[in-house]
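Here's the letter readout for the chains.
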Amino acid sequence: MRIYPSNCSRTQTLKNNNHWGLVMDLLACPMCGSELFLSTRAGERIVFKMDAERRPVLMHPEHSSMGAPPINPQALFCGACSWQGSIEALVESRQ
């Protein structure tokens, strides 16, 4: 299953917690604890966070390119360290 941002039923933009001022539980990298993920390491990419229900939350949906590869839940890339893995490996955020 691949997740395409334009097809997400609940795409949200985060600013501090999010633009509604609600606290959102997020998942994090199991290696470094970062909440930022990338759809790919090279070329055009989607920057996102993953909510507790394992749905992507786009950081800048207005800048997401249609040429960027879709988010593949089996191949996520941490935005802060070298970890890559599946959505099942993510842990609860400590932040």
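Scope of this entry: the structure provided in the associated data block. (Residues numbered from 1 in each chain as written. Predicted model: local features only at pLDDT ≥ 70, side-chain atom pairs only at ≥ 80, totals over all residues. Heavy atoms only, no water.)

A full pass over the atoms with the stated rule returns 3 salt bridges. Here Asp 51 ties to Arg 55 by a salt bridge, and the two come within 3.3 Å at their closest N and O atoms. Among the residues examined, Arg 55 registers a relative accessible area of 26% and is labelled partly exposed. Among the ionic pairs, Glu 53 bridges to Arg 55, the shortest N-O distance being 2.6 Å. With relative accessibility at 55%, the residue Glu 53 sits in the exposed group. Counted as one network, the salt bridges with shared partners bring together Asp 51, Glu 53 and Arg 55. (Salt bridge = Lys/Arg side-chain N within 4 Å of Asp/Glu carboxyl O. Buried < 20%, exposed > 50% of the residue type's maximum accessible area, 1.4 Å probe, protein only.)

This paragraph deals with the pairing of strand 3 (residues 47–51). For strand 3, the buried fraction is high: 4 of the 5 residues fall into the buried class. As paired strands, strand 1 (residues 26–28) and strand 3 are joined by 2 bridges and run antiparallel to one another. What sits directly across from Leu 26, in strand 3, is Asp 51. In this sheet, strand 3 lies alongside strand 2 (residues 37–38) in antiparallel orientation, the contact comprising 2 bridges. Within the sheet, the bridge partner assigned to Leu 38 lies in strand 3 and is Val 47. (Helix = DSSP H or I, 4+ residues; strand = E, 2+ residues; numbered from the N terminus. Pairing = 2+ DSSP bridges.)

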